[in-house]
Amino acid sequence: MTQLYRKYMRLLDKWPLDKTKVEGENSKLQNQELCEQNYQSLDKIASNYYAKKYPHNFKKTSTGLSQELCSLAMNHEVQKALQLELENSGFFSKVKNSVKHIVNKYRDQ
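The rules behind the values
Residues numbered from 1 in each chain as written. Predicted model: local features only at pLDDT ≥ 70, side-chain atom pairs only at ≥ 80, totals over all residues. Heavy atoms only, no water. Helix = DSSP H or I, 4+ residues; strand = E, 2+ residues; numbered from the N terminus. Buried < 20%, exposed > 50% of the residue type's maximum accessible area, 1.4 Å probe, protein only. Areas by Shrake-Rupley, 256 points an atom, 1.4 Å probe, with all protein chains shown as cover. Phe/Tyr/Trp six-rings, centres within 6.5 Å; stacked < 30°, edge-to-face > 60°. Lys NZ or Arg CZ within 6 Å of the ring centre and 35° of its normal. Patch = residues over 30% accessible without salt bridge, like charges linked within 9 Å, V, L, I, M, F, W, Y side chains within 5 Å. Salt bridge = Lys/Arg side-chain N within 4 Å of Asp/Glu carboxyl O. Lys, Arg positive; Asp, Glu negative; His and termini not counted. Charge placed at Lys NZ, Arg CZ, Asp CG, Glu CD. Expected span 1.5 Å × (residues − 1).

Chemist: Explain the overall build of the protein here, please?
Modeler: The number of helices and strands found in the protein is six helices and zero strands. Each helix and strand of the protein, placed in order from N terminus to C terminus, yields the pattern α-α-α-α-α-α. The burial tally for the protein puts 4% of its 109 residues in the buried class. For the protein, the accessible surface area stands at approximately 11,200 Å², while carbon and sulfur atoms represent 57% of it.

Chemist: What is the right way to read the packing of aromatic side chains from this model?
Modeler: Two numbers describe a pair of aromatic rings. These are the distance of the centres and the angle of the planes. For the coordinates displayed, the defined rule picks out one aromatic pair. For the ring pair Y49 and Y50, a centre distance of 4.9 Å and an interplane angle of 85° mean the geometry is edge-to-face. Across the ring face of Y49, the terminal group of K44 is positioned such that the distance to the ring centre comes to 4.9 Å.

Chemist: What am I meant to see in a nonpolar patch on the surface here?
Modeler: On the surface, a cluster of nonpolar side chains totalling about 300 Å² of accessible area is made up of L4, Y8 and L11. Its location among the elements puts L4 in helix α1 (residues 2-14). The partly exposed category is assigned to L4, whose relative accessible area is 43%.

Chemist: Mind showing me how you'd approach a positive patch on the surface here?
Modeler: Together, R6, K7, R10 and K14 line one region of the surface with positive charge. For R10, the location among the structural elements is in helix α1.

Chemist: Before we go on, may I ask you to explain α1 in this structure?
Modeler: The first and last C-alpha atoms of α1 sit 19 Å apart over 13 residues, in line with the 18 Å expected at 1.5 Å per residue. For α1, the tally of buried residues reaches only zero of 13 residues, placing the bulk of the element at the surface.

Chemist: Just to check I follow, could you spell out unusual backbone geometry for this structure?
Modeler: Peptide bonds are trans in most cases, and residues, glycine excluded, mostly fall at negative phi. Even without being a glycine, N48 presents a positive backbone phi close to 60°. When you line up the elements, N48 lands in the loop between α2 (32-46) and α3 (49-53).

See below:
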């Protein structure tokens, strides 16, 4: 990953500067302190800083489901299956199936 990042950085160094841009727009941070604070916050989230600092013994989440069930519900395969089920059980799906049934009925006559 580090090598890929370095390759991208070298590529960006080769990139020609846009002369129409105001100086400072190309690569300088407008607020370096805010950027550093955002980085620190994201780093804490990624390293589970708060989960380690404030451990808990909760068995259920705010949804009333266990963590395992919440993880399962967010699984990509489960999401696709739910989407298909919703598409097949909605109002427009029922109308579409009714129209298909009527068309097939007249086609068979």
